[in-house]
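So the chains spell out like this:
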Amino acid sequence: MTARVGKYLLFETLGTGSFGKVKLGVHEETGDRVAIKIMDKGDIKAHEMAANVRREIAIMKALEHRNIVNLRQVLTSANKLYIVMDLVTGGELFTKIYKHGALPEPLARKYFQELVDGVSYCHSKGVYHRDLKPENLLIDEATGSLKITDFGLSTMVGANTADDLLHTMCGSPNYCAPEIISGSKTGYSGAKVDSWACGIVLFALLTGYLPFYDDNQKTLYRMIATQPPKFPSNMSEDAKNLTNMLLNKDPTRRVTVEAVKEHPWFKQSSGSVENIR
Ligand code: ADP
Ligand code: MG
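Residues numbered from 1 in each chain as written. Chains lettered and ligands numbered in written order. Predicted model: local features only at pLDDT ≥ 70, side-chain atom pairs only at ≥ 80, totals over all residues.

Participant: Provide a residue-level description of the sheet that holds strand β5 (residues 71-76), including the pertinent values.
Facilitator: An order of β1-β2-β3-β4-β6-β5 is seen for the six strands of this open sheet, with the pairing classed as antiparallel. In the strand order of this sheet, the two ends are held by β1 (4-5) and β5, each with one partner. Direction of pairing for strand β4 (residues 33-40) relative to strand β6 (residues 80-86): antiparallel, over a ladder of seven bridges. Looking at β6, one finds that Ile38 is bridged to Tyr82. (Pairing = 2+ DSSP bridges. Helix = DSSP H or I, 4+ residues; strand = E, 2+ residues; numbered from the N terminus.)

Participant: Any details on the nonpolar core? Residues and values, ideally.
Facilitator: Residues Leu115, Ala197, Cys198, Val201, Leu202 and Leu205 are the most contacted members of the largest nonpolar core, which totals 59 residues. Setting aside residues up to four positions removed in sequence, Leu205 forms contacts with Ile97, Leu103, Ala108, Tyr111 and Phe112. (Core = buried A, V, L, I, M, F, W, Y, C linked by C-beta atoms within 7 Å. Buried ≥ 20, exposed ≤ 12 C-beta atoms within 10 Å, placed from the backbone. Contact = placed C-beta atoms within 7 Å.)

Participant: Run through the packing of helix α6 (residues 190-207) against helix α8 (residues 237-246), naming residues and quoting values.
Facilitator: One way to put it is that α6 packs onto α8 with a least axis distance of 8 Å and a crossing angle of 150°. With respect to α8, the axis of α6 lies roughly antiparallel. Crossing of α6 against α8: the hand is left-handed. Each of Ser195, Trp196, Cys198, Gly199, Leu202, Phe203 and Leu206 in α6 lies in contact with α8, whose residues at this interface are Ala239, Leu242, Thr243 and Leu246. Each residue belonging to the contact of α6 with α8 can be placed in one class, and the counts come to eight nonpolar, three polar and no charged. (Axes fitted to C-alpha atoms, helices over the stretch in contact; angles between N-to-C directions. Parallel < 35°, antiparallel > 145°, perpendicular 65-115°, else oblique. Left-handed = near helix turned anticlockwise from the far one by under 90°. Nonpolar A, V, L, I, M, F, W, Y, C, P; charged D, E, K, R; others polar.)

Participant: Run through the site of ligand 1, naming residues and quoting values.
Facilitator: Close to ligand 1 lie 22 residues, the nearest being Gly15, Gly17, Val22, Ala35 and Asp150. Listing elements by their share of the shell around ligand 1, those giving two or more residues are β2 (8-16), β3 (20-27), β4 and β6. In terms of residues, the shell around ligand 1 owes the most to one element, β2, which gives three residues. Each residue belonging to the shell around ligand 1 can be placed in one class, and the counts come to ten nonpolar, seven polar and five charged. (Near = placed C-beta within 6 Å.)

Participant: I'd like a description of the environment of Gly183, backed by residues and values.
Facilitator: Relative to the helices and strands, Gly183 is located in the loop between α5 (178-181) and α6. Judged by local crowding, Gly183 falls into the exposed class, with 11 C-beta atoms found within 10 Å. Along the sequence, Gly183 and Val119 sit 64 residues apart, while their C-alpha atoms lie 24 Å from each other.

Participant: Hey, could you go over the environment of Leu14 for me, with residue numbers and the actual values?
Facilitator: Within the secondary structure, Leu14 sits in strand β2. Accessibility expressed as a C-beta count within 10 Å gives 18 for Leu14, which makes it partly exposed. Along the primary structure Leu14 and Leu24 are separated by ten residues, whereas in three dimensions their C-alpha atoms are 6.4 Å apart. In this structure Leu14 touches Val22, Lys23, Leu24 and Ala35, once residues within four positions along its chain are discounted.

Participant: Before we move on, can you summarise the pairing of β5 with the specific residues and values?
Facilitator: Where β5 lies against β6, five bridges are found, and the strand directions are antiparallel. Paired with Gln73 across the bridge in β6 is Val84.

Here you go:
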């Protein structure tokens, strides 16, 4: 028997993340295809389930932007939460970087411009992603445009212990901002944490690898906290300059995503760039 959620029949898994599976859903009457993220209610902060999560979902439903995956509705059962979204076919940016290595600079710029457009729109609405990475950036097959997924959800999950908290704050250690690692007592800015992650994504787009990488988490965190990124010699000065502004270790001096739009490297036209598969 095919499992179902509301009017949707569930089919294959499209992707798996740290908090849940995303499955293909097909509407039993209209044939409409959607992506359905299935989350365990046990993973969701119990006491915040009522007010905060509902609020967060309402905000996300209200977000409307060409570079943000559209959230359509949220359904619940006894122990699961189902998030129904527009289906994005074309796969993760992660896969493209993994397959091709560094992307051609015009294509890297186009994806980065789309990322910044989507993220700055959300920041203007007071929504912070906190888990930006190429696994959460999907490329729409039909239009070739980038769509951010997993938006705002990271704030709803986990955080029962200090370790959980760090895990929630840095969905992925490689993208984790230095102020989170050092455990700022005064709290931190969701906006600047997103800026940092955009810097890591920009570096990965232009080089095909991560600026901070080590199998040992302690070593990795030390690199993030203390080492400047090492750029390959073929990277343009403008691109290096922008990456350094995003990867400033001091969040108060780090550029905001909104201000990135004024940077010369960002402002260059990406023209009509060819997509890669
Ligand atoms: P998690 O919070 O567990 O990381 P995500 O929301 O990132 O979950 O979804 C996990 C994976 O599912 C993504 O990395 C992506 O490959 C796939 N996915 C997520 N949303 C969609 C979507 N709207 N359309 C197609 N695939 C998606
Ligand atoms: Mg994810």
